[in-house]
Amino acid sequence: MAKRPSPQTALPFQEVFTAYYPQVVRQIMRITRDQATAEDLAQDVFLKLYDQDLQEIHNLGGWLTQAGIYAAYNHLRSERRRVTRDEGQDTSERWLEPSTEERWLKQEEIEAVREALMSLDDRDRTLLLMKYSGYNYQELAAATAVESGSVGTLLARARRKFRDLYQRKRGAER
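So, here is what we can say about the structure in this document. (Residues numbered from 1 in each chain as written. Predicted model: local features only at pLDDT ≥ 70, side-chain atom pairs only at ≥ 80, totals over all residues. Heavy atoms only, no water.)

### So, helix H6 (residues 137–144)
Rules: Summary of the burial criterion: residues with accessible area below 20% of their type's maximum are buried, those above 50% are exposed, and those between are partly exposed, where the area comes from a 1.4 Å probe applied to protein chains only. Secondary structure elements follow DSSP: runs of H or I no shorter than four residues count as helices, runs of E no shorter than two count as strands, and numbering proceeds from the N terminus. What the arc measures is the spread of directions leading from the helix axis to the C-beta atoms. Here a polar contact means two N or O atoms within 3.5 Å. Within protein one must be a hydrogen donor candidate and the other an acceptor candidate, and residues neighboring in sequence count only if both atoms are side-chain atoms.
Buried within H6 are the following residues: Leu140, Ala141 and Thr144. Across the axial projection of H6, the buried residues extend over an arc of 100°, all falling on one side. Turned more than 90 degrees off the buried face of H6, the exposed positions are Gln138 and Ala142. The N-cap of H6, judged by a side-chain oxygen 3.1 Å from the amide nitrogen of glutamine 138 a few residues on, is asparagine 136. Just downstream of H6, alanine 145 is the residue with a positive phi angle, here 55°.

And the structure:
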């Protein structure tokens, strides 16, 4: 550890930095509990010190300690405000109600999907509903009494039929 200079002697900034930097970082680390943040804040403290007249500071170690403590607490307050602000935005966005028009369009879309599904034959409807509910091909084959090797082809055909029916329904409404 570097020897601390006496406050009576005028020191070049580099020597002050070398002598006190580890102490300031440790002081800030005790508060922030983050090494990278402590190092960043310590650099800010030394930038403030650089702008000061070192001759006017009677207790350099005390000044640096106090400046480090202020920097650490200011950082914590800023982070807390930022988190609160971010959480406030998230909640306000979550509470936004969809407009009547958006609800009506959504309901219309749901109805079009239902009508398209009901227009499919039972096997195709079962395949689609089960596939999009997370069932695997073996389970689909067992439920529809088809070979498991045929499920992929039948599913592709069912999707195509559904898409065509849905687009016809949506096109007829517009």
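### Overview of unusual backbone geometry
For arginine 33, which is not a glycine, the phi torsion comes out positive at approximately 60°. Mapped onto the elements, arginine 33 comes out in the loop between helix H1 (13–32) and helix H2 (35–51). Of note, alanine 145 is a non-glycine position whose phi angle comes to about 55°, a positive value. Given the relative accessible area of 72%, alanine 145 is considered exposed.

### A few points about the packing of H1 against H2
Heads up, the rule is: Throughout, an axis means a line fitted to C-alpha atoms (over the contacting stretch in the case of helices), and angles, computed between N-to-C directions, take values from 0 to 180 degrees. Throughout, the term roughly parallel applies to angles under 35 degrees, roughly antiparallel to angles over 145, roughly perpendicular to angles from 65 to 115, and oblique to all others. In this scheme the handedness of a crossing depends on how the near helix is turned from the far one: anticlockwise by less than a right angle means left-handed, clockwise means right-handed. Only heavy atoms matter for contacts: two residues are in contact if any of them lie within 4.5 Å across the pair. Classification used: nonpolar for Ala, Val, Leu, Ile, Met, Phe, Trp, Tyr, Cys and Pro, charged for Asp, Glu, Lys and Arg, polar for all others including Gly.
Here H1 crosses H2 at 135°, and the two axes come no closer than 8 Å. Overall, the two elements H1 and H2 adopt an arrangement that is oblique. Seen from above, H1 lies across H2 with right-handed handedness. For the pair H1 and H2, contact is made by Phe13, Val16, Phe17, Tyr20, Tyr21, Val24, Val25, Ile28, Met29 and Thr32 and by Gln35, Thr37, Ala38, Glu39, Leu41, Ala42, Gln43, Val45, Phe46, Leu49 and Tyr50, respectively. Its residues assigned to classes, the contact of H1 with H2 shows 16 nonpolar, 4 polar and 1 charged.

### Focus on the nonpolar core
For the record, the criterion: Side-chain atoms within 4.5 Å link the members of a nonpolar core, which is a set of buried Ala, Val, Leu, Ile, Met, Phe, Trp, Tyr and Cys residues.
Core analysis: the biggest nonpolar cluster contains 21 residues, and Ile28, Phe46 and Leu64 have the highest contact counts within it. Of all the elements in the fold, those that place two or more residues in this core are H1, H2 and helix H3 (60–94). Here this core takes 8 residues from H1, the largest share from any one element. Those residues in contact with leucine 64 that lie beyond four places of it in its chain are Tyr20, Val24, Val45, Phe46 and Leu49. Leu128, Met130, Ala141 and Leu155 belong to the second largest nonpolar core, which has 11 residues in total.

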